[in-house]
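# Examining the three-dimensional arrangement
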Amino acid sequence: MRAGLAVGLWGEPGVGKTHLAQSLLSTTPCPSLSVQASNALEQVALALPPLKRPGSWLARSIERLGSREALTGSQLVEVLAAQLAHGAPLIVHVEDLHAASPEQRQLWQQVAARVKRTKGAGLLVTSRTPLPEEFESIRVQPLSRAASDALLEAEVRAELPVEARAWIYEQAGGNPLFTLEFFRFLARQGLLWNDGRRWHWRVPEQRVVPATVEALIEEVIAGATESSSLKTVLQAKAILGRDVAASRLAEVVGSSLDELRDATEHLTRAGLLLHGEFVHPLYAEVMARGVPAQQRQFLGRRAIAAYQDDPQQAARFVKDAALEPGHALNLLKQAAQARGGTQANRWLVEAVDYASGSEQAALALEAATALKGSDLPTAIRLGELALELNPHDVPTIDLLAGIFASRKEQDKLDRVLAQLPESEHGERGLWRQIRLSSIVGDDEAVVDLVRQHPSLLGASPETCYDIAWSLLNVGRVEEAEQFARRAQQHPALTDRIRGALIYLQGIIHASGADNKNAEICFRQSLAIFRTLELTHNVVTGLHAHAVVLQDLGEYGESLAELQEAAALSLQRGHIVQFAEANLAIADHLVWQGEYEQAESLYLDSLGVLERRKPHGFLIDCLNALAELHLTLETALHVTLARKYASEALQVSKALNHSGGAASATRALAVTLLLDRQLSRAWERADEAMKMATSSGRPRQLRAAYQVKARIARALGHQDLARQSLEEAERLAAEIAEPLPLHVIQLERCALDRDLEGARTHAEWFEQRGLKHGVFLAHRYFPELAGGTTSGGAVPAASTAAFHIEVLGPMRLTVGPQTFPVRGRKRQELLATLLEARLSGRLEVARLSLTESLYADQTELQAGKLLADLVYQVREQLGAGLITTTVDGYALGAAVSSDAEVFLAHGDTRLWRGAAFSGLSLESRSEAAREALLLALQHRLEAQLTNDPAEVVRAAQLLLDADPYDLKALELSLRAQGILGKPKGQKRTYEWARSRLLEVGERLPETWADFLARSDAERTPT
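Described in the following lines is the structure provided in the data block. (Residues numbered from 1 in each chain as written. Predicted model: local features only at pLDDT ≥ 70, side-chain atom pairs only at ≥ 80, totals over all residues. Heavy atoms only, no water.)

Another aspect to go through is the overall build of the chain. Within the chain, the regular secondary structure consists of 50 helices and 16 strands. Counting only contacts in the chain whose residues sit at least 6 apart along the sequence, the fraction spanning at least 24 positions is 63%. In the form shown here, the chain has an accessible surface area of approximately 47700 Å², with 51% of it arising from carbon and sulfur atoms. Charge centroids of the chain, computed over 109 positive and 127 negative side chains, lie 4 Å from each other. (Helix = DSSP H or I, 4+ residues; strand = E, 2+ residues; numbered from the N terminus. Contact = heavy atoms within 4.5 Å. Areas by Shrake-Rupley, 256 points an atom, 1.4 Å probe, with all protein chains shown as cover. Lys, Arg positive; Asp, Glu negative; His and termini not counted. Charge placed at Lys NZ, Arg CZ, Asp CG, Glu CD.)

Structural data, given as structure tokens:
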């Protein structure tokens, strides 16, 4: 440090000033002293390190301080400056300058002025308020979204659901303290929880602020608002919101502009305001919530008066002002008429409460119609209110009927339709019947009505739109297109229906593989939906457009549109739509070879979809996870693929979802293939082919032929495999699927051992950044990657130089000796490297290992510690145990493990205890642990009758790992029944029942009832 520095870090409480200061001090290679700004300078001077040759004046001054002799303020400043000069390099860190008295702050300013002229001296202060000119002032900025996510992941040592991270960031605004307090609050409330495998999230039902955060904010506010006038300014500012003009604020407060300016400057110095706004949105929220009702009414009425020329702004304060109903109603109606969109809808909803009679019914219907696409519960409430006030109103009945039909609520649908007047039973009744049949998906009923009543050909544009969709769904594409075109010429056509019809034409073009015209239609419809602010339609349009863009090879633009769809869905709070968009984004990431990122998004979406009523998107997600794990083909991933495909098949059967069932059956066929159960795999592939054929969907049929070809090849039926691939290729070309088409052609190259053809396809994928295709090419032809077909094989335990055992406390066998692995860090390192190999990864990056093993160390120190740990393992356990790779480390080629042997051969006796026993579950791979446990469960099911004693033993290991595992409980009870141990059954069941009761799940009274229930619920897959 050559020149003296006086640096000030300032910002609101919790923004990270102290953390940043301490980080700076820890990385600065010179002594430092940390003190509170409120400490007397005498105490600071005496706390500084002793000086070797201080000089007579300075030595005498320090002695006087030691004997408690008083010095003047200027003398103390000189003494402190001299100590820093003689002790240089030396830094004094001063905390909370804002909390010091005015006199004390003045002294520190004088010290700062001297330090700046002292070589090698440093003064680092923190403050909640902007700093005077003597300091080089730096405002500590809130965290970015990425930094906030990283802070949370460092806190929990795992990845939180993306919606939870987004919600916390929105509330905390990047303030580190608030971020962690929100996380802890959510965890305490059970809104964020970990089931031992991953974190789960439930959205809070109402807006909440942790008590710790609220108390801190209230303390800061109380300390800065000693006068009622200052408090009124803050209250008005909190109620009026951001970006309010000074003249409006002064009018509401009841002060002059000069008085308001003085108050604002005072509140800025106190750290509550910055550039005229609250330093953090939570300050405004806490302040507004604390305004007493009488004061809120007083300020609300003044605000309405201040905004008498702007009804949209004045309407915001109607509720606070407690106006008489007529005045409030007029103001809200004026505001709604002056502006469309979401805000106008809110004002309409509010206006309903101030109206009565027919006017209230009309307003309720208008608001319900506007909200049905964004706030369905409120739309239903208002629609039912409108119908109660006006029982036979046709538009209200149509609104509610459409909603109840889409929700499959037949009783409610029948109830509202029963209120239709007699006049609605003619042609208009037919239109309504078509609309409702279309909504519930009864396309055959729609087509029958059109055939019976040709007059419907000239129906309203909305009816033509519904008919066109149904015709398309039953395969009558040309007629669907005719209806869509006819509807676009209808004189009553609205912009909304025009956009929907253009979108439908895009769907028709896409179904006929005319992707260029489909892209034009989707782009045009998106422009209309954006102009009309129809966000739901925009999201739907973005999805469709993205699919076509991908088929046209515009992968970057396609991904960007899906990301926009996800962002819009999250902004609207439509979590299911958000999950749907994430599924499509994850599909893109798979093609890009980003398998871990894709899996993370799939699992995030699964967490959302599992908490809701079963839906087609849940089936898509489960099938996507199965396909992803099948891509990697390791024994671990085959186990996980079987799990997800079985769940997808179960949900598909419950929902009668033929497409989902076909996809799941294909995946299960491949798991059987990879398990070398070829005859069963062929049977499953036959089932999948029949399902795909009956569905009439070319994509399903194409995929079924691919699976058929793969299994036929494994069975040695080369001609059948070739025929199946030819059919798959024909279908992919017909429906313009470029990515599957190239994969199928690559599979044909593998069948014919056409190396040069495979090279061409690998280059095609590589040029487009589609690493998944390159990966498949390298799998079929390892020589394209410069490898051999046997390079990745894991040695058998009997021939390996090293054998690691992790199915219980970690042990290592080297030659004839087996011994426990000592040292937590060694165990963590070996476990992490083994998990990587189980997952099909060739290495673990150094950065990943340092973050996992040494998260509390600096990057430089963590790197040194990791290198030292690897050296110790090699030196003490064997040089070949760990090998160095390009970016990190991997297990050596001569290393085997009991986990790999078990996954390959299924010997349950290898299990001595819990997988990775004794190691922190938070640091372990969720996929590896879950796959091992699922494989154990699968194996125990198979040997239940042959070796029930072993099933009892190993099932207890499953229950130890997850006391709430009902399948493990069932296995244990059935095995004990075979062994004739009713007392054991009773003891095991009562233990499990009491554990489940602790988390609110009630099992049947007896183990016999439990097994009977399991038998009744079992669904064959």
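Inspection of the entire model under this criterion finds 51 salt bridges. Glutamate 737 serves as the salt-bridge partner of arginine 702, at 2.9 Å between the closest nitrogen and oxygen. You can see arginine 702 sitting in helix α37 (residues 698-714) and its partner glutamate 737 sitting in the loop between α38 (718-734) and α39 (738-752), a full 35 residues away along the chain. Glutamate 737 sits in the buried class, given a relative accessible area of 4%. (Salt bridge = Lys/Arg side-chain N within 4 Å of Asp/Glu carboxyl O. Buried < 20%, exposed > 50% of the residue type's maximum accessible area, 1.4 Å probe, protein only.)

Attention shifts here to the nonpolar core. Ranked by size, the top nonpolar core spans 130 residues in total, and within it Trp108, Leu123, Phe178 and Leu192 carry the most contacts. The biggest single contributor to this core is helix α21 (residues 394-406), with eight residues. In contact with phenylalanine 178, other than residues within four places in its own chain, are Pro13, Ala172, Val213, Leu216, Ile217, His280, Leu282 and Tyr283. By size, the runner-up hydrophobic cluster in this structure holds 129 residues, among which are Leu678, Ile804, Val873 and Leu996. (Core = buried A, V, L, I, M, F, W, Y, C linked by side-chain atoms within 4.5 Å.)

Pairing geometry for strand β10 (residues 802-805) and strand β11 (residues 811-814), over four bridges, is antiparallel. Paired with phenylalanine 802 across the bridge in β11 is valine 814. Counted between consecutive antiparallel strands, the loop separating β10 from β11 contains five residues, among which glycine 808 sits at a positive phi close to 140°. Pairing geometry for β11 and strand β12 (residues 817-820), over four bridges, is antiparallel. Within β12, the position partnered with arginine 811 by the bridge is proline 820. Here β11 hands over to β12 after two residues, with glycine 815 in that stretch at a positive phi of 65°. (Pairing = 2+ DSSP bridges.)

Right, let's get into the environment of glycine 357. Summarising the element assignment, glycine 357 is placed in helix α19 (residues 357-371). Judged by relative accessible area, which is 40%, glycine 357 ranks as partly exposed. Along the backbone, glycine 357 and proline 161 are 196 residues apart, and their C-alpha atoms lie at a distance of 47 Å.

Here the focus is empty space enclosed by the protein. Counted by the stated rule, this structure contains one cavity of 30 Å³ or more. Space inside the largest cavity adds up to approximately 40 Å³. Surrounding the largest cavity, Gln550, Tyr555, His588, Trp591, Gln592, Leu739 and Leu770 form its lining. Here the lining of the largest cavity is built from residues that sort into four nonpolar, three polar and no charged. (1 Å grid on protein atoms, 1.4 Å probe; cavity = no way out; pocket = protein on both sides within 12 Å on 5 of 7 lines; lining within 4 Å. Points joined across faces, edges and corners; volume = space filled by probe spheres on them. Nonpolar A, V, L, I, M, F, W, Y, C, P; charged D, E, K, R; others polar.)

Let us now look at helix α33 (residues 616-632). The terminal C-alpha atoms of α33 lie 25 Å apart, and with 17 residues this matches the ideal 24 Å at 1.5 Å per residue to within 8%. Burial of α33 is extensive: 14 of the 17 residues sit out of reach of the surface. Downstream of α33 by a residue or two, glutamate 633 has a phi angle that is positive, lying close to 65°. (Expected span 1.5 Å × (residues − 1).)

Here the focus is unusual backbone geometry. Cis rather than trans, the peptide bond between alanine 88 and proline 89 has omega equal to 0°. Assignment of secondary structure puts proline 89 in the loop between α4 (73-87) and β3 (90-95). Phi angles above zero are rare outside glycine, and aspartate 96 is one such case at about 60°. One can find aspartate 96 in the loop between β3 and α5 (102-115). Under the relative-accessibility criterion, aspartate 96 is labelled partly exposed at 24%. Of note, aspartate 243 is a non-glycine position whose phi angle comes to about 60°, a positive value. Residue class for aspartate 243 comes out exposed when judged on its relative accessible area of 65%.

Spatially, four strands are ordered β12-β11-β10-β16 in an open sheet, and the strand pairing comes out mixed. Two strands close off the open sheet at either side, each with one partner strand: β12 and β16 (895-897). With direction set aside, neighbouring strand axes in the sheet form an average angle of 20°. (Axes fitted to C-alpha atoms, helices over the stretch in contact; angles between N-to-C directions.)

Spatially, three strands are ordered β13-β15-β14 in an open sheet, and the strand pairing comes out antiparallel. Of all the strands in the sheet, the pair left with one neighbour each is β13 (844-845) and β14 (882-884). Here two bridges tie β13 to strand β15 (residues 888-891), and the two strands are oriented antiparallel to one another. Across the sheet, residue valine 844 finds its bridge partner in β15, namely tyrosine 889. Lying over the sheet, helix α42 (residues 824-838) contacts β13, β14 and β15, oriented at roughly 80° with respect to β15.

The next thing to look at is the packing of aromatic side chains. Considering all chains together, one arrives at nine aromatic pairs under this definition. Ring geometry for tyrosine 503 versus phenylalanine 522: centroids 5.5 Å apart, planes at 50°, classification tilted. A residue pair is termed long-range when its members are at least 10 positions apart, and tyrosine 503 in helix α27 (residues 495-511) and phenylalanine 522 in helix α28 (residues 515-531) qualify at 19 residues. Considered together, tyrosine 503 and phenylalanine 522 belong to a single accessibility category, that of buried residues. Between tryptophan 764 and phenylalanine 765, the aromatic rings sit 5.2 Å apart at their centres with planes inclined by 80°, giving edge-to-face as the arrangement. Among the residues examined, tryptophan 764 registers a relative accessible area of 16% and is labelled buried. The exposure class assigned to phenylalanine 765 is buried, which follows from its relative accessible area of 0%. Ring pairing ties together the aromatic residues Trp591, Trp764 and Phe765, which thus form one cluster. (Phe/Tyr/Trp six-rings, centres within 6.5 Å; stacked < 30°, edge-to-face > 60°.)

This next bit is on the packing of helix α6 (residues 145-156) against helix α7 (residues 162-172). Packing of α6 against α7 leaves a shortest axis separation of 10 Å and a crossing angle of 115°. Crossing hand, α6 versus α7: right-handed. Here α6 contributes Arg145, Ser148, Asp149, Leu152 and Glu153 to the contact with α7, which in turn contributes Val162, Arg165, Ala166, Ile168 and Tyr169. Of the residues contributing to the contact of α6 with α7, the split by class is five nonpolar, one polar and four charged. (Left-handed = near helix turned anticlockwise from the far one by under 90°.)

This paragraph deals with the state of the cysteines. For the coordinates displayed, the defined rule picks out zero disulfides. Cysteine cysteine 464 remains unbridged, with the sulfur of cysteine 521 as its closest cysteine sulfur at 18 Å. Look at cysteine 464 and you get buried, because its relative accessible area is 2%. (Disulfide = S-S within 2.5 Å.)

Here we take up the packing of α38 against α39. For the pair α38 and α39, the least separation of the axes is 9 Å and the interaxial angle reads 160°. When the axes of α38 and α39 are compared, the pair comes out roughly antiparallel. Judged by the sense of rotation from one axis to the other, the crossing of α38 with α39 is left-handed. Where α38 abuts α39, its residues Gln718, Ala721, Arg722, Leu725, Glu726, Ala728, Glu729, Ala732 and Ala733 lie against Leu741, Ile744, Gln745, Glu747, Arg748, Leu751 and Asp752. (Parallel < 35°, antiparallel > 145°, perpendicular 65-115°, else oblique.)

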